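# Structure at a glance
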Amino acid sequence: MNQTRYLCLSGPNLNLLGDRDISIYQHGSLDNIHTHLQQRAADLGEAIDCLQFNHEGDLIDAIQEATKTYAGIIINAGALAHYSYSLRSAIGSCMLPCVEVFISNVHGREEFRHESVLASVCWGVIGGLGKNSYLLALDALHHHTNMR
Amino acid sequence: MKDTIAIVHGPNLNMLGLREISIYGGESMQDVNDMIAATAAKLDIKVEFFQSNFEGELVTFIQQCRGRVKGVVLNAGAHTHYSIALRDAITAAQVDVMEVHISNIFKRESFRHVSVIGPVCVGQICGFGSYGYILGLKGLLAERLPAWQ
């Protein structure tokens, strides 16, 4: 059997992680998170590809393509989480378990960040734990894959 | 001394396995607690369990966590959506609380989309069935668990 692979997608402005408001987003870059994820996936005997796009359409293309290659998706859509119905439709039709992650605790921030239009088409949501939100999402997908 | 994590279940979670199985799964609360205890043993931490259908008992228990436990995994059940008293208890307890839900609350009625305790918790995990409690436990211990067992 082929090695299990997951896809981690990050949306707009997450390429600036570590440069942005570090009181909210903590220290550490997106590359640093990706390195941790890949290390953890390797420890599990699995693999994860990590991509970041500022363009909504690129995220949609990646999700539409994902079913061919991946067993699950971790997505931090950034601000798109709060209004991108086209991203929601892509997730809703991709048939893969999708975990939405947030680095910050969105409930402690502005009101417009409290609602995610993606959450209801995702398998689950993890927020508030910095890079560990991503690592727990990988743990959840690994659990899901191995429970089947 | 081992770190202690408190696992707190709110109203109706004592009915797990008996109520709305399509939403909450077929495991009983005892099954879930046994799974958590087995993970805690592997992680070499102590866990204690508390369930109550009474808001005031939950408030008192959370208050008493102050200075006593390292963190709390809290599934406050429906109290999540309206108990300001529980929220104030979390703030007063000055302890890391991880909010956990078995179901994906965002797939359900709109009154479940709002968490009044969310802003004072360290994080929120929902939708992973009973495994969400394990994720919550690991989330509270993450900095100590480089190996992520």
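Everything below is about the structure shown above.
Quick look at the structure, then. (Residues numbered from 1 in each chain as written. Chains lettered and ligands numbered in written order. Predicted model: local features only at pLDDT ≥ 70, side-chain atom pairs only at ≥ 80, totals over all residues. Heavy atoms only, no water.)

## Considerations on the overall build of chain A
- A tally of regular secondary structure across chain A gives five helices and five strands.
- Helices (α) and strands (β) of chain A occur, in sequence order from the N terminus, as β-α-α-β-α-β-α-β-β-α.
- Relative to a compact globule of 148 residues, whose C-alpha radius of gyration would be 15 Å, chain A shows 14 Å and is just as compact.
- Expressed along its principal axes, the backbone C-alpha trace of chain A runs to roughly 45 × 30 × 25 Å.
- Within chain A, buried positions represent 54% of all 148 residues.
- A sequence separation of at least 24 residues applies to 77% of the contacts in chain A between residues at least 6 apart. (Helix = DSSP H or I, 4+ residues; strand = E, 2+ residues; numbered from the N terminus. Rg over C-alpha atoms; globule rule 2.2 N^0.38 Å. Buried < 20%, exposed > 50% of the residue type's maximum accessible area, 1.4 Å probe, protein only. Contact = heavy atoms within 4.5 Å.)

## Section: the pattern of salt bridges
All names here are of chain B.
- A full pass over the atoms with the stated rule returns eight salt bridges over all chains.
- The salt bridge involving Glu48 is made with Arg68; its shortest N-O contact spans 2.7 Å. Residue Glu48 is located in strand β2 (residues 46–51), and its partner Arg68 is located in the loop between α3 (55–64) and β3 (71–75); the two are separated by 20 residues in the primary sequence.
- Judged by relative accessible area, which is 42%, Arg68 ranks as partly exposed.
- Residues joined in a network through salt bridges with shared partners are Arg108, Glu109 and Arg112. (Salt bridge = Lys/Arg side-chain N within 4 Å of Asp/Glu carboxyl O.)

## Observations regarding unusual backbone geometry
All names here are of chain A.
- A positive phi angle is found at Asn13, which is not glycine, with a value near 75°.
- Position of Asn13 among the secondary structure elements: in the loop between β1 (5–10) and α1 (22–25).
- Positive phi outside glycine occurs at Met95, with the angle close to 65°.
- As for its position among the elements, Met95 is in the loop between α4 (85–93) and β4 (98–102).
- Given the relative accessible area of 72%, Met95 is considered exposed.

## Considering helix α2 (residues 30–43) of chain A
Residues and elements named next belong to chain A.
- The terminal C-alpha atoms of α2, which comprises 14 residues, lie 20 Å apart, in line with the 20 Å expected from a rise of 1.5 Å per residue.
- Residues of α2 that are buried include every one of Leu30, Ile33, His34, Leu37, Arg40 and Ala41, and no others. The buried residues of α2 occupy one face: seen down the axis, they fall within an arc of 130°. Facing away from the buried side of α2, by more than 90 degrees, are the exposed residues Asp31 and Thr35.
- Gly45 lies just past α2 and shows a positive phi near 75°. (Expected span 1.5 Å × (residues − 1). Arc of directions from axis to C-beta.)

## Let's talk about the packing of aromatic side chains
Residue and element names in this part refer to chain B.
- Here the structure, examined in full by the defined rule, presents two aromatic pairs over all chains.
- With centroids separated by 4.3 Å and ring planes inclined at 5°, the aromatic side chains of Phe50 and Phe61 adopt a geometry described as stacked. Here Phe50 is found in strand β2, whereas its partner Phe61 is found in helix α3, with 11 residues between them in sequence.
- Exposure remark for Phe50: the relative accessible area of 21% places this residue in the partly exposed category. (Phe/Tyr/Trp six-rings, centres within 6.5 Å; stacked < 30°, edge-to-face > 60°.)

## Some words on the nonpolar core
- Membership of the largest hydrophobic core comes to 49 residues, with the highest contact counts inside it found for Leu37, Ile74 and Ile126 of chain A.
- Residues contacting Leu37 of chain A, with those up to four places away along its chain left out, are Cys8, Ile48, Cys50, Ile74, Tyr134, Leu135 and Leu138 of chain A. (Core = buried A, V, L, I, M, F, W, Y, C linked by side-chain atoms within 4.5 Å.)

## Things to note about the environment of Arg112 of chain B
All names here are of chain B.
- Following the sequence through the fold, Arg112 ends up in the loop between β4 (96–101) and β5 (123–126).
- Arg112 sits in the buried class, given a relative accessible area of 16%.
- Sequence separation between Arg112 and Met15 is 97 residues, and the spatial gap between their C-alpha atoms is 19 Å.
- Not counting residues within four places of it along the chain, the set of residues in contact with Arg112 comprises Tyr24, His81 and Ile105.
- A polar contact is formed between the side chain of Arg112 and the side chain of Glu109, at a distance of 2.7 Å. (Polar contact = N/O pair within 3.5 Å; in protein donor to acceptor, adjacent residues only side chain to side chain.)

## Side note on the interface of chain B and chain A
- Contact residues are listed per partner, giving 24 residues for chain B and 22 residues for chain A.
- Where chain B packs against chain A, one counts one salt bridge.
- Applying the counting rule to chain B against chain A returns 10 residue pairs in polar contact (both at pLDDT 80 or more).
- For the side of chain B that touches chain A, the secondary-structure elements that each account for two or more residues are β5 and α5 (131–141) of chain B.
- For the side of chain B that touches chain A, the residue count by class is 13 nonpolar, eight polar and three charged.
- Across three bridges, strand β5 (residues 124–127) of chain A lies against β5 of chain B in antiparallel orientation. Each bridged residue has a counterpart across the sheet, and for Gly127 of chain A the counterpart in β5 of chain B is Gln124 of chain B. (Nonpolar A, V, L, I, M, F, W, Y, C, P; charged D, E, K, R; others polar. Pairing = 2+ DSSP bridges.)

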